[in-house]
Amino acid sequence: MTSRFMLCSFKTCPWVQRAAIVLRAKEVPYEITYIDRDNRPAWFLAVSPHSKVPVLMIDGKEALFESNAIAEYLDETVAPRLHPEDPLARARNRAWTDFVPTFAGAISNTAYADSEEEFAARAPRISGPFGKLEEALGRRGNAGPYFNGAKFSLVDAAYAPFLQRYTFMDRLRPLGIIERFPLLSAWRDALLAAPAVRASTVADIEDAWQENLILRKRWLAKFVRQRVAGVAAAG
Ligand SMILES: N[C@@H](CCC(=O)N[C@@H](CS)C(=O)NCC(=O)O)C(=O)O
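Residues numbered from 1 in each chain as written. Predicted model: local features only at pLDDT ≥ 70, side-chain atom pairs only at ≥ 80, totals over all residues.

Student: Pulling in residues and values, what's your account of the site of the ligand?
Tutor: In the vicinity of the ligand, the contacting residues are Phe10, Cys13, Pro14, Trp15, Arg37, Ser51, Lys52, Val53, Pro54, Glu66, Ser67 and Asn68. For the shell around the ligand, the elements supplying multiple residues, two or more each, are α1 (14-25) and α3 (67-77). Of the residues that constitute the shell around the ligand, the class distribution is six nonpolar, three polar and three charged. (Near = placed C-beta within 6 Å. Helix = DSSP H or I, 4+ residues; strand = E, 2+ residues; numbered from the N terminus. Nonpolar A, V, L, I, M, F, W, Y, C, P; charged D, E, K, R; others polar.)

Put into structure tokens, the structure is as follows:
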């Protein structure tokens with residue numbers, strides 16, 4: 001019997017998105033419950049030891065936390081398998097998946113800079129992780145478009161939300177970084193066009209992400225206002 005899945009989320013969380021991508025790639029129906037970041041309900045706090053989203057509720061009875069554990073659980077229990085069948089390839093995919101927090105951190109730290117100086121100091125640090133992925137993509141032994149070739153995998157689901165956040169940031173304030181990494185650029189394009197990724201967020205995810213910058217008073221938010229003002233002026 002198919003399980004009933006409910007994801008607990010904040011509206012723009014990339015780690016929840018990773019789990020949602022896995023569910024979408026498997027074409028499994030799921031519910032999503034958005035909770036208030038500033039007023040987290042008691043039922044959520046009871047099942048999320050670090051008070052973080054995502055939490056995956058299974059049949060209203062079991063709760064899982066941590067996006068990697070959730071992705072692996074879904075891959076073990078719901079067909080089709082998204083990890084490669086070959087144990088060596090699977091281990092290499094998991095090794096690169098372990099690098100996601102470092103990769104994500106470089107992007108988020110830049111997006112959440114509080115000042116121009118902070119932004120200017122942090123943005124160049126994105127090149128390090130991008131370079132590592134570029135090398136990994138060069139060594140993977142296939143022509144893409146995904147990490148393992150034609151088939152969308154768990155490692156793709158793990159990186160897609162962060163390559164999307166980089167793209168949102170790049171559109172606000174062009175960084176000129178990903179252009180230096182052609183394989184990563186092509187992977188980013190394929191991931192953002194993948195049906196499972198496109199269906200994994202609210203429809204207005206870019207607006208919601210920008211709104212979050214404004215709410216959190218981040219330096220990049222000033223470009224959101226300029227863009228809106230520019231659109232208004234152009235209209
Ligand atoms: N390692 C965690 C990271 C999850 C995470 O950091 N979620 C953020 C939202 S995107 C969160 O809940 N942060 C706690 C907070 O905002 O207090 C995972 O992969 O699930």
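Student: Describe α1, naming the residues involved and giving the relevant values.
Tutor: In an α-helix, one full turn covers 3.6 residues, which means residues spaced three or four apart are oriented alike. The terminal C-alpha atoms of α1, which comprises 12 residues, lie 16 Å apart, in line with the 16 Å expected from a rise of 1.5 Å per residue. α1 sits mainly inside the fold: 12 of its 12 residues count as buried. Residues of α1 that are buried: Pro14, Trp15, Val16, Gln17, Arg18, Ala19, Ala20, Ile21, Val22, Leu23, Arg24 and Ala25. Contacts from the buried residues of α1 go to β1 (5-9), β3 (55-58), α3, α5 (100-111), α8 (154-172) and α10 (195-198). At the exit of α1 stands Glu27, carrying a positive phi of roughly 55°. (Expected span 1.5 Å × (residues − 1). Buried ≥ 20, exposed ≤ 12 C-beta atoms within 10 Å, placed from the backbone. Contact = placed C-beta atoms within 7 Å.)

Student: Describe the nonpolar core, listing the residues and the values that go with them.
Tutor: Ala19, Ile21, Val22, Ala71, Ala157, Tyr159 and Phe162 are the most contacted members of the largest nonpolar core, which has 54 residues in total. Ranked by residues supplied to this core, first place goes to α8 with 10 residues. Both domains that furnish three or more residues to this core are identified here as domain 1 (5-77) and domain 2 (87-198). Residues within four places of Ala157 in sequence aside, it is in contact with Arg18, Ile21, Val22, Ala25 and Ala71. (Core = buried A, V, L, I, M, F, W, Y, C linked by C-beta atoms within 7 Å. Domains from an automatic or database assignment.)

Student: Talk me through the environment of Ala123; I want residue IDs and the actual numbers.
Tutor: When you line up the elements, Ala123 lands in the loop between α6 (116-122) and α7 (127-139). With 52 residues separating them in the primary sequence, Ala123 and Leu175 have C-alpha atoms 7.5 Å apart. Non-local contacts of Ala123, meaning those with residues more than four positions away in its chain, are made with Thr110 and Leu175.

Student: Got a sec to walk through the domain arrangement of the protein? Specific residues and values, please.
Tutor: What the domain assignment lists for the protein is domain 1 (5-77) and domain 2 (87-198). Centre-to-centre separation of domain 1 and domain 2, based on C-alpha positions: 22 Å. Residue-level contacts link 10 residues of domain 1 with 12 residues of domain 2. Elements represented by at least two residues in the side of domain 1 that touches domain 2 include exactly α1 and α3. When residues of the side of domain 1 that touches domain 2 are assigned to their parent elements, the largest contribution, seven residues, is made by α1. Grouping the constituent residues of the side of domain 1 that touches domain 2 by class yields five nonpolar, two polar and three charged.

Student: With reference to specific residues and values, describe the pairing of β1.
Tutor: For β1, the tally of buried residues reaches four of five residues, placing the bulk of the element in the interior. Bridge count between β1 and β3: four bridges; the pairing is antiparallel. From the neighbouring strand, Leu7 faces β3, where its bridge partner is Leu56. Summarising the sheet, β1 and strand β2 (residues 31-34) pair through four bridges and their orientation is parallel. Counterpart to Leu7 in the pairing with β2 is Ile32. (Pairing = 2+ DSSP bridges.)

Student: Break down the packing of α1 against α8 for me, citing the residues and quoting the values.
Tutor: The contact between α1 and α8 brings their axes to 9 Å, and the two run at 135°. Put simply, α1 runs oblique to α8. Read as a crossing pair, α1 and α8 show a hand that is right-handed. Along its contact with α1, which presents Pro14, Gln17, Arg18, Ile21, Val22 and Ala25, the element α8 presents Leu154, Ala157, Ala158, Ala160, Pro161, Phe162 and Arg165. Among the residues making up the contact of α1 with α8, the classes are represented as 10 nonpolar, one polar and two charged. (Axes fitted to C-alpha atoms, helices over the stretch in contact; angles between N-to-C directions. Parallel < 35°, antiparallel > 145°, perpendicular 65-115°, else oblique. Left-handed = near helix turned anticlockwise from the far one by under 90°.)

Student: Describe unusual backbone geometry, and please don't skip the residues or the numbers.
Tutor: Glycine aside, residues mostly have negative phi angles, and peptide bonds mostly take the trans form. Across the junction of Ala79 and Pro80, the peptide omega takes the value 0°, indicating a cis bond. A cis amide bond links Gly144 to the next residue, Pro145, at an omega of 10°. Along the polypeptide, Pro145 turns up in the loop between α7 and α8. Although it is not a glycine, Asp59 sits at a positive phi angle of roughly 55°. By the secondary structure assignment, Asp59 is in the loop between β3 and β4 (62-65). Positive phi values are uncommon outside glycine, yet Lys217 reaches one of about 55°. The residue Lys217 is located in the loop between α11 (205-215) and α12 (221-234) in this model. In this structure Lys217 comes out as exposed when scored by C-beta crowding, with 9 C-beta atoms within 10 Å.

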